[in-house]
Amino acid sequence: MPPQQQQQQQQLPKYINFTFGGLAGMGATFVVQPLDLLKNRLQMTGEGGEKRMYKNTIDAFMKIGRAEGVIGMWNGISAGLLRQATYTTTRLGIFSTLQDKFVAREGRNPSLLVKGGMALVAGGIGAFVGTPADLTLIRMTSDGRLPAELRRNYKNAFEGLLRISREEGVTKMWNGWSPTVMRAIVVNIAQLASYSQAKQMLLESGKFRDGILCHFTASLMSGFITTIASMPVDICKTRIQNQKPLPDGTLLYKNSFHVARIVIRKEGMFSLWKGFFPYFARIGPHTVITFILLEQMRAFYKQVSY
């Protein structure tokens, strides 16, 4: 039976696409949470031209470890898992479903351009759904760099969401939704489309079979592409979501483009890629683990169901 016909007959139910997407993202997040914390701290250091708290990734790791302990490297893990349960469940579920529908209708794999459009839709919707959890995650992982009197000290993601809604208003849970959606669109076009295309190219080369080695290679390529493409919008998102009102009640940053202008002017162009190595060290393994887990769960389900 031709591969495309076989793929068409073995499409997964929609709820399975969503469930497996969320579980894969949550599993990957638990592993890479310390790297996410490092990335957020490095992106916030030197903000507005202030003295940098951390010289580099190793310095940040050592200082955070001494000040907050090993367990402190998992600060914000509840928000990280909640983010995956909302954002990644939605984006991977929608993307997988759209791909399955295309193959069922057209009888062939979608082109790279079509995959990019699917990723754009999936990422945008997923990011909006996941913004409250993402906001809480940014605040929890950045809290340790603030003086004790300025820390928010959320005990967990749910308390954080409750306090934001009470202290700032329900709509403030979507603070920074615009740069979050912008980042997600960039990330998902880079990550989902590049992974799907890389996997297809590897399989068509005849040198790989549809197994873990193929998934690992394709996801590693996807992780590198995603890191380069998404870092500038990620640092803009991080700073908008973490900012506090100035003494006069105004905010330092108005939007993502305003953040980028200030960062370039005060910190230099390459500061938009500040924290590149911990970001890639997070995105790379997160992408690899997410897609390997997702592919293995999908393969197991097909094995026992068809």
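Here's a quick rundown of the structure. This structure is a prediction, so every number in the text was calculated from the model and none was measured.

## Topic: the overall build of the chain
Thought 1: Counting its secondary structure elements, the chain contains ten helices and zero strands.
Thought 2: From first element to last, N terminus to C terminus, the chain shows the α and β order α-α-α-α-α-α-α-α-α-α.
Thought 3: Projected onto the principal axes, the alpha-carbon positions of the chain cover approximately 70 × 40 × 35 Å.
Thought 4: Out of the 306 residues in the chain, the part that is buried amounts to 51%.
Thought 5: At a minimum sequence separation of 6, the contacts of the chain that also span at least 24 residues come to 77%.
Thought 6: Here the chain has roughly 14,500 Å² of accessible surface; of this, 65% comes from carbon and sulfur atoms.
Thought 7: Between the mean site of the 37 positive side-chain charges and the mean site of the 19 negative ones, the chain shows a separation of 2 Å.

## Topic: empty space enclosed by the protein
Thought 1: Evaluated as defined, the whole model comprises three cavities of 30 Å³ or more.
Thought 2: Considered as a void within the structure, the largest cavity measures approximately 100 Å³ in volume.
Thought 3: For the lining of the largest cavity, a count of residues per class yields three nonpolar, four polar and four charged.

## Structural notes on the packing of helix H4 (residues 77-106) against helix H6 (residues 157-167)
Thought 1: At their nearest, the axes of H4 and H6 sit 8 Å apart, and the two run at 85° to each other. Here H4 lies roughly perpendicular to H6, going by the angle between them. When H4 is examined against H6, the residues Ser78, Ala79 and Leu82 are found in contact with a partner set consisting of Ala157, Phe158 and Leu161.
Thought 2: Class assignment of the residues belonging to the contact of H4 with H6 gives a composition of five nonpolar, one polar and no charged.

## Things to note about a nonpolar patch on the surface
Thought 1: Taken together, Leu120, Val121, Ile125, Val129 and Ile189 make up a surface patch of nonpolar side chains, about 360 Å² in accessible area.
Thought 2: Top contributing element to the nonpolar patch by residue count: helix H5 (residues 112-142), with four residues.
Thought 3: One can find Val129 in helix H5.
Thought 4: Here Val129 falls in the partly exposed class, since its relative accessible area comes to 41%.

## Description of the packing of aromatic side chains
Thought 1: On inspection of all chains with the given rule, the structure shows seven aromatic pairs.
Thought 2: Ring centres of Phe224 and Phe280 lie 5.6 Å apart, and the angle between their planes is 85°; this geometry places the pair in the edge-to-face category. One end of the pair, Phe224, is in helix H8 (residues 212-242); the other, Phe280, is in helix H10 (residues 276-305), and 56 residues separate them in sequence.
Thought 3: Overall, Phe280 belongs to the partly exposed group, its relative accessible area being 24%.
Thought 4: Between Phe276 and Phe277 the ring centres are 5.5 Å apart and the planes differ by 90°, which places this aromatic pair in the edge-to-face class.
Thought 5: A relative accessible area of 65% means that Phe277 is categorised as exposed.
Thought 6: In this structure an aromatic cluster arises from ring pairing among Phe224, Phe276, Phe277 and Phe280.

## Brief notes about the side chain of His215
Thought 1: Its place among the elements puts His215 in helix H8.
Thought 2: For His215, a relative accessible area of 3% puts it in the buried group.
Thought 3: Here His215 is in contact with Tyr195, Lys199, Asp210, Ile292, Glu295 and Gln296, once residues within four sequence places are set aside.

## Quick look at the nonpolar core
Nonpolar side chains tend toward joint burial in soluble globular proteins.
Thought 1: Core analysis: the biggest nonpolar cluster contains 21 residues, and Phe20, Phe95, Leu192, Phe291 and Leu294 have the highest contact counts within it.
Thought 2: Of all the elements in the fold, those that place two or more residues in this core are helix H2 (14-44), H4, H5, helix H7 (177-205), H8 and H10.
Thought 3: Excluding its chain neighbours within four sequence positions, the residues that come into contact with Leu294 are Phe20, Gly21, Ala24 and Leu92.
Thought 4: Formed by eleven residues, the second largest nonpolar core is a distinct cluster that contains Ala79, Leu82, Ala133 and Ile164.

## Quick word on the environment of Thr141
Thought 1: Its place among the elements puts Thr141 in helix H5.
Thought 2: In this structure the C-alpha to C-alpha distance between Thr141 and Leu37, which are 104 residues apart in sequence, comes to 5.2 Å.
Thought 3: What Thr141 contacts, discounting residues up to four positions off in sequence, is Gln33, Leu37, Asn40, Arg41, Asn75 and Gly76.
Thought 4: Of the polar contacts made by the side chain of Thr141, one reaches the backbone oxygen of Leu137; its length is 2.9 Å.
Thought 5: A polar side-chain atom of Thr141 sits 3.3 Å from the main-chain carbonyl oxygen of Ile138.

## A word on the side chain of Arg239
Thought 1: Here Arg239 is to be found in helix H8.
Thought 2: Take Arg239: its relative accessible area is 0%, and that puts it in the buried class.
Thought 3: At 2.6 Å, the side chain of Arg239 and the side chain of Glu267 are in polar contact.

Quick notes on the rules
Residues numbered from 1 in each chain as written. Predicted model: local features only at pLDDT ≥ 70, side-chain atom pairs only at ≥ 80, totals over all residues. Heavy atoms only, no water. Helix = DSSP H or I, 4+ residues; strand = E, 2+ residues; numbered from the N terminus. Buried < 20%, exposed > 50% of the residue type's maximum accessible area, 1.4 Å probe, protein only. Contact = heavy atoms within 4.5 Å. Areas by Shrake-Rupley, 256 points an atom, 1.4 Å probe, with all protein chains shown as cover. Lys, Arg positive; Asp, Glu negative; His and termini not counted. Charge placed at Lys NZ, Arg CZ, Asp CG, Glu CD. 1 Å grid on protein atoms, 1.4 Å probe; cavity = no way out; pocket = protein on both sides within 12 Å on 5 of 7 lines; lining within 4 Å. Points joined across faces, edges and corners; volume = space filled by probe spheres on them. Nonpolar A, V, L, I, M, F, W, Y, C, P; charged D, E, K, R; others polar. Axes fitted to C-alpha atoms, helices over the stretch in contact; angles between N-to-C directions. Parallel < 35°, antiparallel > 145°, perpendicular 65-115°, else oblique. Patch = residues over 30% accessible without salt bridge, like charges linked within 9 Å, V, L, I, M, F, W, Y side chains within 5 Å. Salt bridge = Lys/Arg side-chain N within 4 Å of Asp/Glu carboxyl O. Phe/Tyr/Trp six-rings, centres within 6.5 Å; stacked < 30°, edge-to-face > 60°. Core = buried A, V, L, I, M, F, W, Y, C linked by side-chain atoms within 4.5 Å. Polar contact = N/O pair within 3.5 Å; in protein donor to acceptor, adjacent residues only side chain to side chain.

In short, shape yes, function no, at least from these values alone.
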